[in-house]
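# A closer look at the structure
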Amino acid sequence: MLKELREIVQQVTASSDLNGAMNELVRQTRHAMQVDCCSIYLRQEPEQNYLLAATDGLAAKAVGHVRIPLGEGIVGLIGEKEELINLADAQQHPKFKYLPEAREDAFKSFLGAPIIHQRKTLGVLVVQQRQVRLFEEGEESFLVTLASQLATVIAHAEAKGNLRSPNWHGMLRGLAGSPGVAIGRAWVWRPRVELSQVKERKADDAVVQHERLDKVLVQVEDELNGMALRFKESQASESVAVFEVYQYILKDPVFIGLIREQIERGWIAGSAVKRVCEKQIAQFSVMSDPYLRERAADIRDLGQRLLTRLIHEDDGLLTLDEPIILVADEISATLIAEIPRSKLKGIVSAKGSINSHAAILARAMGIPAVMGIDHSFELLEDRTLIVDGYNGDLLVEPVPSVLREYRRLMAEEEQMDELFDTVRNESSVTLDGVSVSLLLNAGLSADSDIAMNDTADGVGLFRTEIPFMMRDRFPSEQEQVISYRRVMSSYVGKPVCMRTLDVGGDKQLPYFPIVEENPFLGWRGIRLTLDHPEIFLVQLKAMLRASQGLDNLSIMLPMVTSLDEIRVARRMLDRAWREVSAETADQQGIIRYPSLGVMIEVPALLYQLQDMAPLVDFWSVGTNDLTQYLLAVDRNNGRVADIYDALHPAVLRALQQIIDAARHYAKPVSICGELAGDPIGVLVLLAMGYRRFSMNNSNLMRVKYIVRQSRCDELQKLLQEALNHRHTGVFKGLFGRYLEQRGLGGLLRGGR
Ligand code: PEP
Ligand code: MG
């Protein structure tokens, strides 16, 4: 039977059409189990019944018609009890319900298994036989295995919207990625077409092909102009140079002439672009001059932009004349950079979870986002959506009353923001006089979220990955100096904490792919940079040079696991500082040696706090990764998102342990994970004794407002009370009430 089971499972899971998969399953199962009948009943939520969805053995015309109300009949009983039922003679069972349309009179023995996906009953799988007999254990496990496989197929079809009509409207459940509400039209982003994906084709309409090429040349030029402008506005002028090179190639008569020549030879426009680009890439790639070698990457990117336009001819970012809700399989920083901020109302993403970097980026930019929506995105194109970033819901074509309700919520939001803004120029002091530092997390967004923040007490975490991700190669030392100096000079007299490169995990460099089974446990952060001293040293030197005369730099190491990593990094910093100082000494410029800290985000450090204290100048707790690694829950995986909880007692104990050790060893400590910007999180952290918090721009004012409404002595009492209860949820309850009592219940929307 094992062979048959495997075959059925393979066929069912490979099928893209649910009805086809179910029909195949009932047919093959009847045959494999040598029974007289096999049927599938699907649970219908609104109708509160089980619908006969497929059968081999019952009357075919009963499919789609026979309905058994929930809790009725043996099928209903299986659904209710969520367990298998094996009956020698079903007709003798008190729950037996006769279904005349199905013509099941002849069947006596009955074996049924619930179809359950993620704790939810989706239906019941049944086999029946004329003979009176109990089914054997092997048959029971056969059916249970099939039911579990079928559950995945049904859940997937349901999630993808394959069970819905194209003009379906309703709600899809995802994960709350970034708070807020956005209402607008869906704009589905199509992934960039790769050169290698294009199949070469000929056609005999050269005139049409020239016209198509003309059209996309203009579109791509506009696209590049728009991007260059946005980078100029955000003062990332070094990135503008990349677009200028593209513009140059795009206008190069030789390059365009070669494409036209291919069209004249009968190739369609896309094939012509591919042929010319691939040839040029091959030529540039073997050149000895590194500058010219890099042009290969430029040609590839440009070629792919042209191809994308040619293949999705009707799409066009720059034709966006109204703000949109961006819908994409995966959101990246570079994708967001391609859309003007004023045109971006909300974000919907299939991949990612609450603390994936895409969600953090959306929060930093104050854009409501819902992650983990598994649905056919084509069915969403151009439809009106409400992104409910508090609850993680996506509403498709909402009815007017729902729209009204959400508009009211948005108005309330605005009022709250106005209220928070009243403390912009006030100090961050609690009602009982405890002063706290509120710093900024920056760097994830290509936009400058730096300059506008004169209210922050400095930068607590500058993620340096973006300048590396926005290019087709590692940025040069000088390019990095410009980018870091821009940040440091925006904060004269205030501390700026730069984190060394933390790629790996969910942040990949397009030109340095890392293929790993388990990227969050792999080659990430300091592990990678210590293996590449040439990259690490250049970055350290760039930070040091950028700090000259400003003297506000501190450097922080991500993903540290062992003390040796700190020792090696310290030696590299010494060397970088010596070399940079020697070079600048003749210009009488002195570069101050920066303080060096570590991020506490790998749990191993919790057990090395004492030994680590003398090696570094400060600690900063990365609660995003600390939670991920302590709870063994992937911060990117929507399936386990409800287990990811930065207020889990284990995480809170770790945080208490860190602050106690920091006091004991007189080590400055801050929190730079998302918990610092969370209304409840910041209260719990204040109660523990933390006084330095680094957070996204969009959280800064509301956290300041909360701080100014709180008393540390009251919070400490609440913490003691919560610790005595010893169960999850108590922190949210007690501290949530504290917020409500101060008229801040609105901040608890959604799960909090
Ligand atoms: C963290 O892990 O908490 C953190 C601040 O770093 P990142 O989110 O960039 O991994
Ligand atoms: Mg981290």
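Bear in mind the structure is a predicted one, so any value in this text is a computation, not a measurement.

### A few points about the overall build of the protein
Scanning the protein from terminus to terminus reveals 24 helices and 22 strands. Projected onto its principal axes, the C-alpha coordinates of the protein cover approximately 100 × 80 × 50 Å. Relative to its full complement of 752 residues, the protein shows a buried share of 56%. At a minimum sequence separation of 6, the contacts of the protein that also span at least 24 residues come to 66%.

### Quick look at the coordination of the magnesium ion (ligand 2)
Note on the magnesium ion (ligand 2): its protein donors are Glu 601 (OE) and Asp 625 (OD). The metal-donor distances range over 2.0 to 2.2 Å. Remark: Asp 625 occurs in helix 19 (residues 623-630) and Glu 601 occurs in the loop between strand 19 (595-600) and helix 18 (609-612); sequence separation between them is 24 residues. Residue Glu 601 shares its accessibility class with Asp 625, and that shared class is buried.

### Things to note about the site of ligand 1
As a structural note, the neighbourhood of ligand 1 is formed by 17 residues, with His 357, Arg 463, Gly 622, Asn 624 and Arg 635 the closest of them. Between ligand 1 and Thr 623, the relevant distance is 3.1 Å, taken from an oxygen atom to a main-chain nitrogen or oxygen of the residue. The contact in question runs from an oxygen atom of ligand 1 to an N or O atom on the side chain of Asp 625, over 2.9 Å. Contact with the protein chains covers 100% of the free accessible surface of ligand 1, which is 290 Å².

### Comments concerning the pairing of strand 1 (residues 37-44)
Here strand 1 lies mainly inside the structure; six of its eight residues are buried. Where strand 1 meets strand 6 (residues 120-129), six bridges bridge the pair, whose relative direction is antiparallel. Within the sheet, the bridge partner assigned to Cys 38 lies in strand 6 and is Val 127. Two strands pair when backbone bridges link them, and strand 1 and strand 2 (residues 49-56) are joined in this way by seven bridges, in the antiparallel orientation. For Ile 40, the partnering residue across the bridge sits in strand 2 and is Ala 54. Hairpin geometry of strand 1 and strand 2 is characterised by an intervening segment of four residues between the two adjacent antiparallel strands and by a positive phi of about 60 degrees at Gln 48.

### Observations concerning the nonpolar core
Residues Met 612, Trp 619, Leu 655, Ile 658, Tyr 690, Phe 693 and Phe 735 are the most contacted members of the largest nonpolar core, which totals 111 residues. Apart from residues no more than four positions distant in its own chain, Ile 658 is found in contact with Ile 600, Leu 606, Leu 609, Trp 619, Val 621, Leu 626, Val 669 and Tyr 690. Judged by nonpolar contacts, the second largest core, of 34 residues, contains Met 22, Val 26, Ile 115 and Leu 150.

### A look at the sheet that holds strand 9 (residues 181-188)
Across a sheet, strands are paired by hydrogen bonds formed along the backbone, either parallel or antiparallel in direction. Spatially, eight strands are ordered 7-14-13-9-10-11-12-8 in an open sheet, and the strand pairing comes out mixed. Among the strands making up the open sheet, the edge pair consists of strand 7 (170-173) and strand 8 (175-178). Ignoring which end each strand starts from, the neighbouring axes of this sheet average 30 degrees apart. Here strand 8 pairs with strand 12 (residues 369-371) via three bridges, running antiparallel. Across the sheet, the residue bridging to Leu 175 is Met 371, located in strand 12. Against the sheet, helix 11 (residues 357-365) contacts strand 8, strand 11 (344-349) and strand 12, and its axis sits at roughly 50 degrees relative to strand 8. Running at roughly 120 degrees to strand 9, helix 12 (residues 400-421) makes contact with strand 9, strand 13 (384-388) and strand 14 (393-396) of the sheet.

### Looking at the pairing of strand 6
By the criterion of burial, strand 6 is predominantly enclosed, with nine of the ten residues buried. As paired elements, strand 5 (residues 109-117) and strand 6 share nine bridges and run antiparallel to each other. Following the sheet pairing, Pro 114 is matched in strand 6 by Val 124. Linking strand 5 back to strand 6 in an antiparallel pair, the connection comprises two residues, with Gln 118 at a positive phi of about 45 degrees.

### Section: the domain arrangement of the protein
The accessible area lost on association of the parts is a frequent measure of interface size. Here the protein is described as being made up of domain 1 (2-164), domain 2 (172-415), domain 3 (427-435 + 623-671 + 673-752) and domain 4 (458-608). Each of domain 1 and domain 2 has a C-alpha centre, and the two are 44 Å apart.

### Considering helix 3 (residues 73-81)
Most of helix 3 sits out of view: seven of its nine residues are buried. Within helix 3, the full set of buried residues consists of Gly 73, Ile 74, Val 75, Gly 76, Leu 77, Ile 78 and Gly 79. At its buried positions, helix 3 is contacted by strand 1, strand 2, strand 3 (67-69), strand 4 (85-87), strand 5 and strand 6. In the stretch just after helix 3, Glu 82 is the one whose phi turns positive, near 55 degrees.

### Remarks on the state of the cysteines
Following the criterion strictly, the structure yields zero disulfides and no others. The thiol sulfur of Cys 37 is not disulfide-bonded, and the nearest other cysteine sulfur, from Cys 38, lies at 7.0 Å. Looking at Cys 37, the relative accessible area reads 0%, which means it is buried. The thiol sulfur of Cys 672 is not disulfide-bonded, and the nearest other cysteine sulfur, from Cys 497, lies at 7.6 Å.

The rules behind each value
- Within any chain, residue numbers begin from 1 and follow the written order of that chain's sequence.
- In the order they appear in the text, chains get letters beginning with A and ligands get numbers beginning with 1.
- Residues qualify for local features only when their pLDDT is at least 70, as the model is predicted, and side-chain atom pairs are given and counted only at 80 or more; totals for whole chains, interfaces and linings, by contrast, use all residues.
- The basis for every side-chain value is the complete set of heavy atoms in the structure, and neither hydrogens nor water enter the calculation.
- Secondary structure elements are defined from DSSP: runs of H or I of at least 4 residues count as helices, runs of E of at least 2 residues count as strands, and each element is numbered from the N terminus.
- Partly exposed describes any residue whose relative accessible area lies between the buried limit of under 20% and the exposed limit of over 50%, with all areas from a 1.4 Å probe on protein chains only and scaled to the type maximum.
- Any two residues whose heavy atoms approach within 4.5 Å are treated as being in contact.
- The donor definition counts N, O and S atoms within 2.8 Å of each metal and applies 3.2 Å to Na, K and Ca; water is not among these atoms, so some sites may look incomplete.
- Here a residue is considered near a molecule or strand provided that any single heavy atom belonging to it is located within 4 Å of it.
- Within 3.5 Å is the distance limit for a polar contact, defined as a pair of N or O atoms, with the added protein rule that one can donate a hydrogen and the other accept it, and that residues adjacent in sequence qualify only through two side-chain atoms.
- Here the Shrake-Rupley method, with its probe set to 1.4 Å, supplies the accessible areas, and only the displayed protein chains count as covering residues.
- We call two strands paired when DSSP finds no fewer than two bridges between them.
- What makes a nonpolar core is a set of buried Ala, Val, Leu, Ile, Met, Phe, Trp, Tyr and Cys residues whose side-chain atoms join them at distances within 4.5 Å.
- Helix axes are fitted to C-alpha atoms over the stretch in contact, other axes to C-alpha atoms as well, and angles between N-to-C directions run from 0 to 180 degrees.
- Annotation comment: domain bounds sourced from an automatic or database domain assignment.
- Note on disulfides: each one is a pair of cysteine sulfur atoms within 2.5 Å.

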